[in-house]
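An overview of the molecular structure
Each chain, letter by letter, is given below.
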Amino acid sequence: MSVADPTADALPVEPKQDVVPTIGAPVGGGGWKSHLGSLLFLLPGALWLLIIVVYPFIATIVRSLFDGSGTRFIALGNYKAIFSTTDIIVSLKNNVVWVVVFPFLVTFFGLVFAVLTERIRWGTAFKTIVFMPLVFSATAAGLTWASIFFNDPHTGVVNAAVQGVANGVNPPGLYPVDTSAGESVGALAATGVESGPGGTLQSKSTVTAGGTIELGLTGISPAVLQTNHATTAQVPSSSSGAITGLVWRDFSPSHPTARGQVFPDEDGIAGMHVALLSADGSVGATTTTASDGSFSFAGVGSSIYRIQITANNFQAGFNGIFFLGTQSLTPTGSLNPTLQAVLSLPIVDIAMIIAYLWIWAGFAMVVIGAGLAALNREVLEAAQIDGASEWQTLRRVTVPMLRPVLVVVFVTMLINVLKIFDIILNMATPSSQSGASTIALDIYNNFASNNGQGLAAALAVILFILVVPAMLMNLKRIRG
Amino acid sequence: MAGVVLDDLTKRYDGGALAVNKLNIDIKDGEFICFVGPSGCGKTTALRMIAGLETITSGEVRIGDRVVNNLPPRDRDIAMVFQSYALYPHMSVRDNMAFGLQLRKTPKADIDRAVEAAAKILDLERFLDRKPGQLSGGQRQRVALGRAIVREPSVFLMDEPLSNLDAKLRVQTRAEIARIHTRLEATMIYVTHDQVEAMTMGDRIAVINEGVLQQVGTPKELYEAPLNRFVAGFIGSPSMNFIDLKVSNEGGVVTLKGEGSELQPDPTLSALLRDSGLDIVTVGFRPEHLEVGALAGPGLNVTVTLDVIEFLGNDVLIHGSSGGQDVVAIVDVDNVLKVGDSVVLSAAPRRLHVFNPVSLARMIGTG
Amino acid sequence: MSVVQAASLPVAKPAPTRRTRFRPSRLVINVVLAAIAIFWLVPAIGIAIISLRPESAFEQSGWWTVFTAPAQLTFSNYKTLFSAGFQAGGVLDSLTTSLAITIPVTILVTVISSITAYSLVFGRWRGRTVVFLLIVAMLVLPLQMALIPVASLYNFIGDTTGVKIFGTVIGVIIFHVAFGLPFGIFLMRNFYTGIPHDLLEAGRIDGAGEWTLFRKVVMPLGLPAAASLAIFQFIWVWNDLLVALVFLANNTHQTLTLFLYGQTRFLSSNYWIISTGAMISIVVPLIVFFAFQRYFVRGVLAGAVK
């Protein structure tokens, strides 16, 4: 292996020579002086590591066996507390979510991207684009994605897109009533109007051909009326063979408490869809109120009708999904708090995982891409000759041959995600912080608090224990 | 089994470089033919075009009666053995050999039978459940051969399969392949840069240089009657000596003279030289055809100053120079020679090849 | 501009035959990848545009509307942040603080890793394997394991000798170097094992001492790896939040990440300002990335173990 080879350390490679050292000096002068020289080289690094890494490592383990103030020895007391505190269980649960979902997804996307970019001419440009987020701090990335997931469809891209689709499917009415915010359609009924089935309103009294009916509503803001070009309410004249009527806002600024009468300073409700409601409940002809609130049904025959104000008037528009909240995607609402802590899947976790994938998929892609490029082309050609199609070659030859690389990526990402910290602080909203927290976050919070050092130390030790399998795997790989 | 025909086969890369230039070779059904030539001559590219791993710029490849230009490798009924063996590292030997058949949805019983049979021929029965990583180079190459055999293809393609083996294994495996060829009566196209390999294994040999076919023939034909200077120099080890000699015509008597060498042509050669009107010709003669001692009659006499003497057992390999041109000879060990000696070596007329110095074509020689 | 070309070895030509079958799926792949590329750019473009829109625009409409009304773009947010000048707590001061931490750490880690790796590979003392295996073990050690004792240590030194370390830039530097060393040593050591021992033997026979050998033989040859390490380390430390949070939180001078975090915490709805801070914090790593792509990618590849 030539030293000048630019690809020498291109792969996540273990040293090319075996690790067993040549015990005893290689031939050629030097003697004690060189022995000393190379030992001196070791000194700065060794000292630094001993003082700031090795000693603290042991000290933390010891510290975890003492209480918060550090004076009383409580053996495994901190550990017991950890597993019985719901908040910390929530953190552990979140770590599990991250560990189960993320490494697999990032390796998968890395593989897909690596394989696909081999087929296109602009592979380098694509790789740059996907790789670049690695340069962002998790802090900057967190707040970038927080802005993407903004609640308000006006400012958040995702919610804006969802709104576009949702409103296309279910167009909002002119007078939306947000039932999720506690509003109700029935509350709008004021004069001569009562709640009807299915979110409608209907007239209390009936009307026949030649009659006029007045339907008064409250709880509609002047701003909304203005948007819908409402003018002063006008009671329409009756017309034979037709039913006429008025839907108006029964609130007069000059007579604020009076109800039932159409005052000159009251506004009609424009653009309201009304329908003829037969006695048997079937809905007949529909029409829309004019800007003064009046409407007219011509040629209604001799039946007796009620007037229905249809439900589509009150259809609430899409309001935005709270992606950064701790709403659980699993149905755990009815469980006891501990079980809830363990089994709920906060939606913010998924949002953050998406953000983190955005950062790290490029890493997986580049590492797997390097592994892919290093595969013996002839083996893939042999598969072609053996009769494998593209897909069969990929599935039965390429991917199995990539296994070592895939494992390295997977494990690296696993370790990375166990310590997940920055992105939660900067992406989850303040109200979601506790529901989205992880071990690393708990360590920090306990460390910063007055008496939590013992707990923090214990949590750190647990984090270390979780990382040990990966450590052993690395050691085995280097040795073997 | 099927024959393979290369009809004006050409490969041009983007940028204009011609890797293979109008190759015309007619390979008979059941024949073992070697494509041989120096590195980069296009022999591997030609093989890969037959396999379907490279696109064909122009010309045709016919396997049996079918034109296979636009068929993918899997539909050409071929099997290939690669230089690096190209075994599937994550599969056992058995699975390596069974893979192709599995893809074709062959019934399991048939697959097992085929694999067992191939393993028996290649003495791989003990290794069926091992992975390639646990095998030696020679064993891996046998697995590669087994993978090819199991498919029972019309044509076997082999790309320098022995290059990665050590000398002893190479000899062994060479014999294996020859045995397999006899047993299966299969058409085999074998690419190598080693002309010794080609000479020992092939029924016929195609010598290729810079993408152009130089000559196709049996080993004997290539050895005794090379069509041009390239083939003459390529076949035979150590390679043929070449010296340039001036044609001198003194009153009808033609002699060829060089610094330190002189050639008295026989009547046929004389006539040829007279008619050709050339001033200079290149004369080729093989090291093994030189004898110590001058020839009185027609033939080549070359005075050589020796600088290296290598003992070969029954013969001696000597290097020297004559008039500034290098000469190598293999002579009997009984000759008493030392470095610095000036000896006269001679070669009989029937051992001489004369080449046109411009066209490099052979004008005359043993044929 | 070859980004990851150094990392991805020359890609062989894809299977050339079956031209007619390939075309439709190649088109699909191109379309799919183009869509993915666009998706990938959206967050960065979004945050950039938000930073270029004034507060009024932010509240009224989404940043994607800017394509129909480009006139609203303005640098006012940047002016606001820069107007604080180099006052402590401002963005420019945080930038210099980040530099003041990142540059020393990068230099120290690169140098110390190099000489330590030299000792591990070319030294002639026993126990080199054990030490190396310890280093490998330390690669994955979470730095949370060291926070509490190191903080105590800093405070102890501060109390007894009066030299304040906790809460200072020095404290952060010391900590970062320590946790950068395992990876740095690992990377340099791997590279050094590729240098033939013969080169040093020849030097030793000629009488050269270890320092000369290092300076004249090993270090020049190891420059590519050292560059990769430096770039990788630089970006890693620049983007760190946790260590800064622990050791620098109450300092008047903050790192850029602390600055950003503070903005998110305390001005959580002023996204037009927050995004501007984010953009400023990204500038330096982005420049480093584009200038030294090849090295950064190599460092990342080697860091697949980190």
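Everything numeric here is computed off the predicted structure, so don't read it as measured data.

Quick notes on the overall build of chain A
Each helix and strand in chain A was counted, giving 16 helices and 9 strands. A compact globule built from 480 residues should have a C-alpha radius of gyration of about 23 Å, whereas chain A, at 35 Å, is more than 25% larger. Projected onto the principal axes, the alpha-carbon positions of chain A cover approximately 120 × 70 × 35 Å. Counting the 480 residues in chain A, one finds 44% classified as buried.

Observations concerning the overall build of chain C
The secondary structure content of chain C amounts to 14 helices and 0 strands. Taken from the N to the C terminus, the helices and strands of chain C come in the order α-α-α-α-α-α-α-α-α-α-α-α-α-α. The C-alpha radius of gyration computed for chain C amounts to 24 Å, which surpasses the reference 19 Å derived for 306 residues by more than 25%, pointing to a less compact arrangement than a globule. Out of the 306 residues belonging to chain C, those deemed buried represent 52%.

Description of the pairing of strand E8 (residues 187–192) of chain B
Residue and element names in this part refer to chain B. The buried fraction of E8 amounts to 6 of the 6 residues, a majority that puts the element mostly inside the structure. Because side chains alternate across E8, one face comprises the buried residues Thr187, Ile189 and Val191, and the other comprises Met188, Tyr190 and Thr192, equally buried. Where strand E3 (residues 32–36) meets E8, 5 bridges bridge the pair, whose relative direction is parallel. Within E8, the residue paired with Ile33 across the bridge is Ile189. Looking at chain direction, strand E7 (residues 155–159) and E8 are connected through 5 bridges and run parallel. Following the sheet pairing, Phe156 is matched in E8 by Met188. Regarding the hand of the β-α-β motif, the stretch spanning E7, helix H5 (residues 167–184) and E8 is right-handed.

Here we look at the sheet that holds strand E4 (residues 212–217) of chain A
All names here are of chain A. The strand order across the open sheet formed by 4 strands is E1-E4-E5-E8, and the pairing between neighbours is mixed. Both edges of this open sheet fall to strand E1 (189–191) and strand E8 (294–297), since each of them pairs with a single strand only. Each strand axis lies, on average, 30 degrees off the axis of its neighbour in the sheet, ignoring direction. As defined by bridge partners, E1 adjoins E4 across 2 bridges and the pair is classed as antiparallel. Paired with Ala189 across the strands is Leu217, a residue of E4.

Some details on the interface of chain A and chain C
If you look at the interface, chain A gives 106 residues, while chain C gives 106 residues. A per-element tally of the side of chain A that touches chain C places helix H1 (residues 32–63) of chain A first, with 20 residues. Residues that form the side of chain A that touches chain C fall into these classes: 70 nonpolar, 26 polar and 10 charged.

As for the confidence of the model for chain A
Summarising the model, chain A shows a mean pLDDT of 85, and 93% of its residues fall at 70 or more. Here residues 1–30 of chain A scores under 50 on pLDDT; set against residues more than four positions off or in separate chains, the count is 57 contacts.

A short note on unusual backbone geometry
All names here are of chain B. Omega for the peptide link from Ser237 to Pro238 comes to 0 degrees, which places this bond in the cis form. Tracing the sequence through the fold places Pro238 in the loop between helix H8 (229–234) and strand E11 (241–250). The phi torsion at Tyr85 lies on the positive side, around 70 degrees, for a residue other than glycine. Residue placement: Tyr85 occurs in the loop between strand E6 (78–81) and helix H2 (93–103). Judged by the 24 C-beta atoms lying within 10 Å of it, Tyr85 is buried. Non-glycine residue Leu360 carries a positive phi angle of around 65 degrees. Along the chain, the position of Leu360 falls in the loop between strand E20 (353–355) and strand E21 (362–364).

Thoughts on the environment of C:Ala227
Structurally, C:Ala227 is set in helix H10 (residues 223–238). Between the alpha carbons of C:Ala227 and C:Gly184 there is a distance of 11 Å; along the sequence they are 43 residues apart.

Some remarks on the packing of helix H5 (residues 138–148) of chain A against helix H12 (residues 256–266) of chain C
Here H5(A) crosses H12(C) at 30 degrees, and the two axes come no closer than 9 Å. As summarised for this structure, H5(A) and H12(C) are arranged roughly parallel, according to the angle between their axes. Considering the relative orientation of H5(A) and H12(C), their crossing is left-handed. Here A:Thr139, A:Ala140 and A:Leu143 of H5(A) come into contact with H12(C), specifically with C:Thr257, C:Leu260, C:Tyr261 and C:Thr264.

What about the environment of A:Phe102?
For A:Phe102, the position within the fold is in helix H3 (residues 86–117). Sequence spacing of A:Phe102 and A:Met413 is 311 residues, and the spatial spacing of their C-alpha atoms is 7.9 Å.

Remarks on the pairing of strand E10 (residues 212–217) of chain B
All names here are of chain B. Relative to E10, strand E9 (residues 204–209) runs antiparallel, the two sharing 5 bridges. Among the inter-strand pairings, Ala206 is bridged to a residue of E10, identified as Val216. Here E9 folds back onto E10 in antiparallel fashion, the turn holding 2 residues, of which Glu210 has a positive phi close to 55 degrees.

Regarding helix H15 (residues 439–448) of chain A
In an α-helix, one turn spans 3.6 residues; hence positions three or four apart end up facing the same way. Within H15(A), 8 of the 10 residues are buried, which leaves the element mostly enclosed by the surrounding structure. Every buried residue of H15(A) is listed here: A:Ile439, A:Ala440, A:Leu441, A:Asp442, A:Ile443, A:Tyr444, A:Asn446 and A:Phe447. Residues of H15(A) that are buried in the fold lie against H3, helix H13 (422–427) and helix H16 (453–479) of chain A together with helix H6 (144–161) and helix H11 (242–248) of chain C.

Focus on the sheet that holds strand E1 (residues 4–12) of chain B
Residue and element names in this part refer to chain B. Strand order across the open sheet formed by 4 strands is E2-E1-E4-E5, with antiparallel pairing between neighbours. Looking along the sheet, the strands with just one partner apiece sit at the ends: strand E2 (18–27) and strand E5 (66–67). Alignment of strand E4 (residues 58–63) against E5, held across 2 bridges, turns out to be antiparallel. Looking at the pairing, Ile63 lines up with Arg66 of E5.

Looking at the environment of C:Ala302
As for its placement among the helices and strands, C:Ala302 is situated in helix H14 (residues 293–302). With 77 residues separating them in the primary sequence, C:Ala302 and C:Ala225 have C-alpha atoms 9.7 Å apart.

A few points about the packing of H3(A) against H15(A)
All names here are of chain A. Where H3 meets H15, the closest approach of the two axes is 8 Å, and the angle between their N-to-C directions is 145 degrees. Mapping the contact onto sequence places Ile88, Ser91, Leu92 and Asn95 in H3 and Ile439, Leu441 and Asp442 in H15. For the contact of H3 with H15, the residue count by class is 4 nonpolar, 2 polar and 1 charged.

Section: H6(C)
With 18 residues, H6(C) extends 26 Å from end C-alpha to end C-alpha; this agrees with the ideal 26 Å at 1.5 Å per step. C:Gly162 lies just past H6(C) and shows a positive phi near 80 degrees.

Some thoughts on the confidence of the model for chain C
All names here are of chain C. Confidence along chain C averages 84 in pLDDT terms, with 91% of residues attaining 70 or more. For residues 1–23, every residue scores under 50 in pLDDT, and the model assigns this stretch 44 contacts once sequence neighbours within four places are set aside. Across the predicted assembly, pTM comes out at 0.82 and ipTM at 0.84.

Scoring rules and cut-offs
- Each chain has its residues counted from 1, following the order in which its sequence is written.
- Lettering of chains starts at A and numbering of ligands starts at 1, both following the order in which they are written.
- Confidence filtering applies because this is a predicted model: local features only for residues at pLDDT of at least 70, side-chain atom pairs given and counted only at 80 or more, and all residues used for totals across whole chains, interfaces and linings.
- Going along the chain from the N terminus, every DSSP run of H or I of four or more residues is numbered as a helix, and every run of E of two or more is numbered as a strand.
- Two things to know: the radius of gyration comes from C-alpha atoms, and the globule rule equals 2.2 Å times the number of residues to the power 0.38.
- To sort residues by exposure, count the other C-beta atoms lying within 10 Å of each residue's C-beta; 20 or more gives buried, 12 or fewer gives exposed, and values between give partly exposed, all with C-beta atoms placed from the backbone.
- What makes two strands pair is DSSP finding at least two bridges between them.
- By convention, a crossover is right-handed whenever its connection, traced from the first strand over the helix to the second and viewed with the strands pointing away, goes clockwise.
- For helices, the axis comes from a line fit to the C-alpha atoms of the stretch in contact; other axes are also lines fit to C-alpha atoms, and the angle between any two N-to-C directions lies between 0 and 180 degrees.
- Here the contact rule is simple: place C-beta atoms from the backbone, and any two residues whose C-beta atoms are within 7 Å are in contact.
- Following the grouping adopted for this structure description, the nonpolar residues are Ala, Val, Leu, Ile, Met, Phe, Trp, Tyr, Cys and Pro, the charged ones are Asp, Glu, Lys and Arg, and the polar ones are all others, Gly among them.
- Looking at any residue, its pLDDT shows the predictor's confidence there, from 0 to 100.
- For classification, angles of less than 35 degrees are called roughly parallel, those exceeding 145 degrees roughly antiparallel, those between 65 and 115 degrees roughly perpendicular, and all remaining angles oblique.
- Should the near helix be turned anticlockwise from the far one by less than a right angle, the crossing is left-handed, and should it be turned clockwise, the crossing is right-handed.
- Here the expected length of a helix is defined as 1.5 Å per residue gap, with one fewer gap than residues.

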